[in-house]
Amino acid sequence: TYEPIGRYYTGASTLLQLFDSEIERNVFYRNNGDGTFSVATAEAGLEGVGWGGDSAALDYDEDGDQDLLVTNMFGGSVLYRNDGKGRFEDVTEATLGRTPWGAVAARLLDYDGDGRLDLYVVDMHSDMWTGFDYDLSRVEPERKYEKFFGPYLEDPDFRAQKREEVFAEKARIRYERTFFGNGLYRNLGGGRFEEVSGKTGAETFWPWGMGVGDFDNDGFEDVFLASGMGYPWEFWPNAYLGNNGDGTFTNRAKEAWPATPRRRATCWCAARRRRARPARCSASSIRASTSARPPRRRWPASWSILSTRMRPAVLDLYVFQ
């Protein structure tokens, strides 16, 4: 419905209502070779199921054709095999097994230095079980859950169980094909992968955009994850997964950015015209500083990242809202 006074369209007021919205399919543009493109989504088999978050092109089966991984913000990610004739086939279950539910970013990297490209998929929407007033000091960032409402289901509270049932039905969750957390797929060669996020230190909380590079110049690829959630949720810091060189990661964000704002800091959110303790407003709306930052200096936004080579052999980070 169009609201003429505010000049906007009203949408679903709850996430459950949003699941009933019309699905917007993915679009595949085939290059015509003359600077123009043609829509070839249906004939390529790449329409998907909607809610696409990110994609990564890779030759996972080493047959010389580029295959495709597509993440889903409210469902499992999908791996498509290229048959070499312009057609793609869903091979997710046979190749990757279970995939993250609610993933927003995917990148290729050789995290273990064996010469094969591994696949890292980060899942933000699995961490939306927290309420606005949830004490984030209780969060265990390295922990995965079998169901969406996570730790709430460990409390014998019937309401949490019922909420899970209702949510799973609306979101069409298939527990046997998904898990709730990040997924790091180690390439074993020959089109085979092993999910190793739990034992490698690759599980994090509220991850959004992802950048991969050897940020400390030690010969191993590290990962930066722009993290957190907007007002009225509390602040959550970005993650910097430093590669230990032994097939594991350590979050070194505190070492890399010692001036990260404190979680209980206060800011003025111009969009809401009120003082906001959640301390996670957009950079453009910050009106006050905290003791963790010099006066009049804006906080770093936490949405997505871009890696650029500004100096020889040194990777810089560009973080934007």
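Residues numbered from 1 in each chain as written. Predicted model: local features only at pLDDT ≥ 70, side-chain atom pairs only at ≥ 80, totals over all residues. Heavy atoms only, no water.

Asks: Tell me about the environment of Lys-254, and please be specific about residues and values.
Replies: One can find Lys-254 in helix α6 (residues 253–256). Of the residues examined, Lys-254 reaches a relative accessible area of 76% and is grouped as exposed. Between the alpha carbons of Lys-254 and Asn-238 there is a distance of 9.4 Å; along the sequence they are 16 residues apart. (Helix = DSSP H or I, 4+ residues; strand = E, 2+ residues; numbered from the N terminus. Buried < 20%, exposed > 50% of the residue type's maximum accessible area, 1.4 Å probe, protein only.)

Asks: Describe the sheet that holds strand β6 (residues 67–72), with residues and values.
Replies: Reading across the sheet, the four strands line up as β5-β6-β7-β8 and stay open at both edges, with antiparallel pairing between neighbours. Strands at the two margins of the open sheet, each flanked by one partner only, are β5 (52–58) and β8 (88–90). In this sheet, neighbouring strand axes are inclined to one another by 25° on average, regardless of whether the strands run parallel or antiparallel. Two strands pair when backbone bridges link them, and β6 and strand β7 (residues 78–82) are joined in this way by three bridges, in the antiparallel orientation. From the neighbouring strand, Val-70 faces β7, where its bridge partner is Val-78. (Pairing = 2+ DSSP bridges. Axes fitted to C-alpha atoms, helices over the stretch in contact; angles between N-to-C directions.)

Asks: Can you break down the side chain of Glu-203 residue by residue, with the values?
Replies: Relative to the elements of secondary structure, Glu-203 occurs in the loop between α5 (197–200) and β15 (207–213). Looking at Glu-203, its side chain comes within polar contact range of the side chain of Lys-144, at 2.7 Å. Side-chain polar atoms of Glu-203 contact the backbone nitrogen of Asn-182, separated by 2.9 Å. Those residues in contact with Glu-203, other than ones at most four positions away along the chain, are Pro-141, Glu-142, Arg-143, Lys-144, Gly-181, Asn-182 and Ser-197. (Polar contact = N/O pair within 3.5 Å; in protein donor to acceptor, adjacent residues only side chain to side chain. Contact = heavy atoms within 4.5 Å.)

Bear in mind that shape data such as this cannot, by itself, settle questions of function.
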